[in-house]
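Geometric and topological summary
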Amino acid sequence: MGNLLIVKSKHLTTSMTKEERIKLIEESKHHKVKIASTDIDGILRGKMILKEKFLEIALSDFGFCDVIFGWDANDRCYTNSDFTGWHTAYPDAKAQIDLSTYRTIPWNDELPFFLADFSNDNGEGLDICPRTLLKRIRLKATQMGIKPVFAQEFEWFNFLASSNDLNASGFNDLKPITSGMFGYSMLRPSQYQAYFNELFDFMKQFNVPLEGLHTETGPGVYEAAIRYDEVLAAADKAVLFKNGVKEIAYRHGIIASFMAKWNADLPGCSGHLHQSLWSLDGEKNLFFSEDKKERMSDVMESYLAGILFCMPYVMPMYAPTVNSYKRLRDGAWAPTTVSWGYENRTAAVRVIEGSEKAMRMELRIPGSDTNPYLAMAASLASGLYGIQNKLKLDKSASVGNAYAQIELEKLSNNLFDANHKMKNADIAKELFGEKFVHHFCQTREWEWMEYSKAVTNWELKRYFEII
């Protein structure tokens, strides 16, 4: 029964009607359904509901406490947010199940699962909902005759611990599942072979297929490249991948961390975005040109110009946490400048030349701590801005080490500065709407305020005795 449901779930986004999708749940062996949506930080927040309850709300809406947009990653309620708080008494927001997102969870007895979106009282998409924002920008692309195709790849560290262990130790004395650097190792995955195989196999069954899975350089670190798809489905898969990896890791006594930089002496964890634009029928890659030596079309040049132009003003959507900027350091496999280059892994954008099918670009700023909906929304909106305004690619390709090219504009190196730029940028409001920018920037201000109150081990070691 489980395998049959998985096959059907892949078919849902094409020819099945909503009624046919609902019938799958009616006929399911399960008496419960799991539903979820992401908060601003990209964390899945959801619940289990009775099958009968699901059938009652499947074609309408349901209430979900709006606190998921009123607190941070640690469930601490914002005191600087206008959208919701004690002043609004945290009412329910309206949410709708997206029936096209149906899949079953292979590591949880094929339990049915759906994603949901939020709307306002007028039935329109909620301005601050990350998935809704991406849907709005995708619609703009569709109206321009464009199908955006994206894929995100993630690096993450794996530790031998439980959640209780982490908290009891104060997040100290962390033990990666393997030692040594061992990038692209054929040996290290065999040490936790069951976990490694489950990641690949369960994700395929969960309709989040991986193109590749391997060790990266660092103790206990893996990298996975998710198979490309149209942008909304790609973001859904990225969100579900991160949560799914953590759940699968629990089964093996492992904690999976997507923190951008957990150790100053080790490489950070990237969340690179691969992207290209296609005709609506999916037959023509609009980034590819037969007539140019570099194969980069005029559309691709304008799209890239838009990404570069907007980059300084949308950084918090690529690097959303205080920790994000610890990864963005010279010589650390992460970009620090507004730059691009052909096959250049020191630049912010790496243009990947190839056949019509393979021609694309890789945005290298995002870390694995991003909210995929927001990172993809920022990149796509910036690129479409370049196309709509016929921007010219006036920045030359970086050749060699972009870190050493002092003429390049530097990106913000901390969340406070990046958020200040976004908050005061007209271009950000034009791309995402004033309501989203206002709320999002308030949440990043909160993140910085929380960080500013903390007394760190670095401060204790530096000042406690000597000062």
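The structure this text deals with has already been given above.
Fair warning: this is a prediction, and the values are worked out from it, not measured in the lab.

Focus on the packing of aromatic side chains
- Within the structure shown, the criterion is met by 29 aromatic pairs.
- Measuring from centroid to centroid gives 5.9 Å for Phe64 and Phe118, while their planes differ by 80°, and the two rings are edge-to-face. Here Phe118 lies in strand S5 (residues 111-119) and Phe64 lies in strand S3 (residues 62-65), a separation of 54 residues in the sequence.
- An aromatic cluster is defined as three or more aromatic residues linked by ring pairs; in this entry it consists of Phe154, Trp156, Tyr195, Phe196, Tyr222, Phe241 and Phe258.

Observations concerning the sheet that holds S3
- As summarised here, the arrangement of the five strands in space is S2-S1-S5-S4-S3, forming an open sheet in which the pairing is mixed. Lying at the two open borders of the sheet, with one neighbouring strand each, are strand S2 (44-50) and S3. Across this sheet, the average inter-strand angle for adjacent strands is 45°, counted without regard to direction.
- With eight bridges connecting them, strand S4 (residues 92-105) and S5 associate as antiparallel partners. When the sheet's bridge partners are listed, Arg103 is paired in S5 with Phe113.
- Strand contacts of helix H2 (residues 18-26): strand S1 (32-38), S4 and S5, with the helix running at about 75° to S4, the strand carrying the most contacts.

Some details on the nonpolar core
- If you look at the biggest cluster of nonpolar residues, it comprises 128 residues, and the most contacted ones within it are Trp156, Tyr195, Phe241, Met311 and Phe432.
- Membership of the second largest hydrophobic core comes to five residues, among which are Phe159, Val221, Leu266 and Cys269.

Some points on the side chain of Asp66
- In this structure, Asp66 sits in the loop between S3 and S4.
- Nearest to the buried, unbridged Asp66 among oppositely charged side chains is Lys47, at 12 Å.

Section: the pattern of salt bridges
- Enumeration according to the criterion identifies 22 salt bridges in this entry.
- With a closest N to O distance of 2.8 Å, Arg131 and Asp117 form a salt bridge. Residue Arg131 is found in helix H4 (residues 130-143), and its partner Asp117 is found in strand S5; the two are separated by 14 residues along the sequence.
- Between Glu290 and Arg295 there is a salt bridge, and its shortest N-O distance comes to 3.8 Å.
- Classification of Glu290 by relative accessible area gives exposed; the value is 57%.
- When salt bridges that share partners are traced, they join Asp98, Asp117, Arg131, Lys135 and Asp236 into one network.

Re the pairing of strand S6 (residues 146-160)
- Of all the 15 residues making up S6, 13 are buried; the element is thus mostly covered by neighbouring parts of the structure.
- Sheet analysis places S6 next to strand S11 (residues 273-279), joined by seven bridges and oriented antiparallel. Opposite Lys147, over in S11, you have Trp278 as the bridge partner.
- For S6 and strand S8 (residues 221-226), the ladder comprises five bridges, and the chain directions are antiparallel. By the bridge assignment, Phe157 is partnered in S8 with Val221.
- Of the pairings in the sheet, the one linking S6 to strand S10 (residues 254-257) comprises four bridges and is antiparallel in character. If you follow Phe159 over to S10, its bridge partner there is Ile255.

Cut-offs applied
- Residues numbered from 1 in each chain as written.
- Predicted model: local features only at pLDDT ≥ 70, side-chain atom pairs only at ≥ 80, totals over all residues.
- Heavy atoms only, no water.
- Phe/Tyr/Trp six-rings, centres within 6.5 Å; stacked < 30°, edge-to-face > 60°.
- Helix = DSSP H or I, 4+ residues; strand = E, 2+ residues; numbered from the N terminus.
- Pairing = 2+ DSSP bridges.
- Axes fitted to C-alpha atoms, helices over the stretch in contact; angles between N-to-C directions.
- Contact = heavy atoms within 4.5 Å.
- Core = buried A, V, L, I, M, F, W, Y, C linked by side-chain atoms within 4.5 Å.
- Buried < 20%, exposed > 50% of the residue type's maximum accessible area, 1.4 Å probe, protein only.
- Lys, Arg positive; Asp, Glu negative; His and termini not counted.
- Salt bridge = Lys/Arg side-chain N within 4 Å of Asp/Glu carboxyl O.

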